[in-house]
Amino acid sequence: MEERKILIIYTGGTIGMVIDPETNSLVPFDFENVSKHVPELRRFDFQVRSISFEPLVDSSDMNPEIWIKLVGIIEENYSQFDGFVILHGTDTMAYTASALSFMLSNLKKPVILTGSQLPLGTIRTDGKENLITALEIAAAQKNRQALVPEVCIYFKDKLFRGNRTTKYNAEHFHAFRSDNYPPLAEAGIHIKYNYPYIRYTMLNGTFRVAKKMDTNVALLRIFPGINKDVVRAILNAPNIKAVVLETYGSGNAPTKKWFLEAIKEAVDKGLIILNVTQCLAGSVEMWRYETGVHLLELGVVSGRDMTTEAAITKLMYLLANADSIEEVKTNLNKSLQGEIYI
Ligand code: ASP
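Quick caveat, the model's predicted, so the values are computed rather than measured.

Asks: Let's hear about the site of the ligand: which residues, and what values?
Replies: Looking at the ligand, the residues that line it are Gly13, Thr14, Asp58, Ser59, Gly89, Thr90, Asp91 and Ser116. The backbone of threonine 14 places a nitrogen or oxygen atom 2.9 Å from an oxygen atom of the ligand. Residue aspartate 58 places a side-chain N or O atom 3.1 Å away from a nitrogen atom belonging to the ligand. Contact with the protein chains covers 90% of the free accessible surface of the ligand, which is 270 Å².

Here's what the structure looks like:
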């Protein structure tokens, strides 16, 4: 059997960071530092190669231009490698995983993002086990077919669908959760794959890479007491095409006249308003309460059970790659990459 090959793409993040003696804060460091602390990289029964970003990025500096660079690297190396592991800071990992899931269509090979809460150089690091298991998962095959041909996040002991994941803990090794979709695998003594939940549906389509993202989107998270000027400023921001409205519970928002008028004006002038819930679990169901029905009647689109990260990146992807606003709206109501329950 031909030897399997996995490519590590090192973008930065705590996993490879070291303490800067001058500022005493963590700064990104080169891949040599990563491989030095994980000699196991040479012990797998598959080949591991690596590419490093130059410069490395703390994931707070992640942006759509870098996502385009990332999918470009995957495209260039797609035929030579059986899977990809992206080392990435945890802070925006869920955004990158969501974005990549939309930018890489008909993916037949695993793209596993991982990182760590403690750098590899520290004794109690979680980075080593995260990296080793992410590599195992990226290389896992049955009859030469990848076991998980999806963009995923592997962290602590769980593999999640990337576009269902949120970072929720800045301290625990269990830093991510995916409340609206079960883990795709769990790692203990064995790695147990949750086959019925893994997407194999697109295995016949041709792999496609989108290299455009439209950043004219905004996020409006409501709270009791939110003021009119703030709402209007966001809805009227120059060039804005879509707003993710983070509402309460099952998609509810204030019924104050000024608020509903601002939403109506925005929808009337062609802005897409996508309703997602501030809750970590559950779905938007605007028909449930009067406070949601108003939004439905005004033409607000339901984001159902999508995460905010998936909603924002799905809009960036659709606005840049769909042919019309109608096509954007139709696709918002579809599951493109398993990001939404239809
Ligand atoms: N600030 C770091 C980053 O996101 C945090 C981490 O990697 O966990 O790049």
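We are not done yet, so read on.
Asks: Mind laying out the packing of helix α6 (residues 257–268) against helix α7 (residues 290–298), listing which residues take part and the relevant values?
Replies: To characterise two packed helices, one gives the angle between the axes of the helices and the distance between these axes. For the pair α6 and α7, interaxial distance at closest approach is 10 Å and the crossing angle is 25 degrees. The angle between α6 and α7 falls in the class roughly parallel. Crossing geometry of α6 relative to α7 is assigned as right-handed. Contacts between α6 and α7 involve Phe259, Leu260, Ile263, Lys264 and Val267 on the former and, on the latter, His294, Leu295 and Leu298. Looking at side-chain class alone, the contact of α6 with α7 contains six nonpolar, one polar and one charged residues.

Asks: Outline the packing of helix α8 (residues 308–321) against helix α9 (residues 325–332), supporting the account with residue identities and numerical values.
Replies: Orientation of α8 relative to α9, taken along the N-to-C sense of each, is 145 degrees, at an axis distance of 9 Å. Regarding α8 and α9, the two cross each other, and that crossing is right-handed. Judged by residue contacts, Lys314, Leu315, Leu318 and Leu319 of α8 engage Ile325, Val328, Asn331 and Leu332 from α9. Broken down by class, the residue content of the contact of α8 with α9 amounts to six nonpolar, one polar and one charged.

Asks: If you had to explain α9 to someone new, which residues and values would you point to?
Replies: Along α9, the residues that are buried comprise Val328, Asn331 and Leu332. Axial view of α9: buried residues confined to an arc of 105 degrees, hence all on one face. Buried residues belonging to α9 abut β19 (272–277), β20 (301–302) and α8.

Asks: Describe the sheet that holds strand β11 (residues 158–161), with residues and values.
Replies: If you trace the eight strands from one edge of the open sheet to the other, you get β4-β1-β5-β7-β10-β11-β14-β15, paired in mixed fashion. Only two strands of the sheet have a single neighbouring strand rather than two, namely β4 (47–52) and β15 (191–193). The average undirected angle you get between the axes of adjacent strands in this sheet is 25 degrees. Its contacts with the sheet place helix α2 (residues 64–77) against β1 (5–10), β4, β5 (83–87) and β7 (111–114), and it is angled at close to 160 degrees to β1. This element, helix α3 (residues 93–103), spans β5, β7 and β10 (151–155) of the sheet and lies at about 155 degrees to β10.

Asks: Quick one: what's the story with the packing of aromatic side chains, residue by residue and with numbers?
Replies: For any two aromatic rings, the description comes down to two numbers: the centre-to-centre distance and the angle of the planes. All chains considered together, the criterion is met by ten aromatic pairs. On the numbers, 5.7 Å between centres and 85 degrees between planes, the contact of tyrosine 181 with tyrosine 197 is edge-to-face. With tyrosine 181 in the loop between β13 (176–177) and β14 (185–187) and tyrosine 197 in the loop between β15 and β16 (208–209), the pair connects residues that are 16 residues apart, well separated along the chain. Taken together, the aromatic side chains of Tyr78, Phe81, Phe84 and Phe207 make up a single cluster linked through ring pairs. Here lysine 69 stacks its cationic end above the ring of phenylalanine 53, 4.1 Å away from the centre of that ring.

Asks: Talk me through the sheet that holds strand β18 (residues 242–247); I want residue IDs and the actual numbers.
Replies: Across the sheet, which stays open at both edges, the four strands sit in the order β17-β18-β19-β20 with parallel pairing between neighbours. Taken across any chain shown, the strands that pair with only one partner, and hence form the sheet edges, are β17 (217–221) and β20. Bridge count for β17 against β18 is five bridges, and the pairing is parallel. Residue pairing for β18: arginine 221 is matched across the bridge by glutamate 246.

Asks: Describe empty space enclosed by the protein, listing the residues and the values that go with them.
Replies: Evaluated as defined, the whole model comprises three cavities of 30 Å³ or more. The calculated volume of the second largest cavity comes to roughly 50 Å³. Of the residues assigned to the lining of the second largest cavity, the class counts are one nonpolar, three polar and four charged.

Definitions and cut-offs
Residues numbered from 1 in each chain as written. Predicted model: local features only at pLDDT ≥ 70, side-chain atom pairs only at ≥ 80, totals over all residues. Heavy atoms only, no water. Near = heavy atom within 4 Å. Polar contact = N/O pair within 3.5 Å; in protein donor to acceptor, adjacent residues only side chain to side chain. Areas by Shrake-Rupley, 256 points an atom, 1.4 Å probe, with all protein chains shown as cover. Axes fitted to C-alpha atoms, helices over the stretch in contact; angles between N-to-C directions. Helix = DSSP H or I, 4+ residues; strand = E, 2+ residues; numbered from the N terminus. Parallel < 35°, antiparallel > 145°, perpendicular 65-115°, else oblique. Left-handed = near helix turned anticlockwise from the far one by under 90°. Contact = heavy atoms within 4.5 Å. Nonpolar A, V, L, I, M, F, W, Y, C, P; charged D, E, K, R; others polar. Buried < 20%, exposed > 50% of the residue type's maximum accessible area, 1.4 Å probe, protein only. Arc of directions from axis to C-beta. Pairing = 2+ DSSP bridges. Phe/Tyr/Trp six-rings, centres within 6.5 Å; stacked < 30°, edge-to-face > 60°. Lys NZ or Arg CZ within 6 Å of the ring centre and 35° of its normal. 1 Å grid on protein atoms, 1.4 Å probe; cavity = no way out; pocket = protein on both sides within 12 Å on 5 of 7 lines; lining within 4 Å. Points joined across faces, edges and corners; volume = space filled by probe spheres on them.

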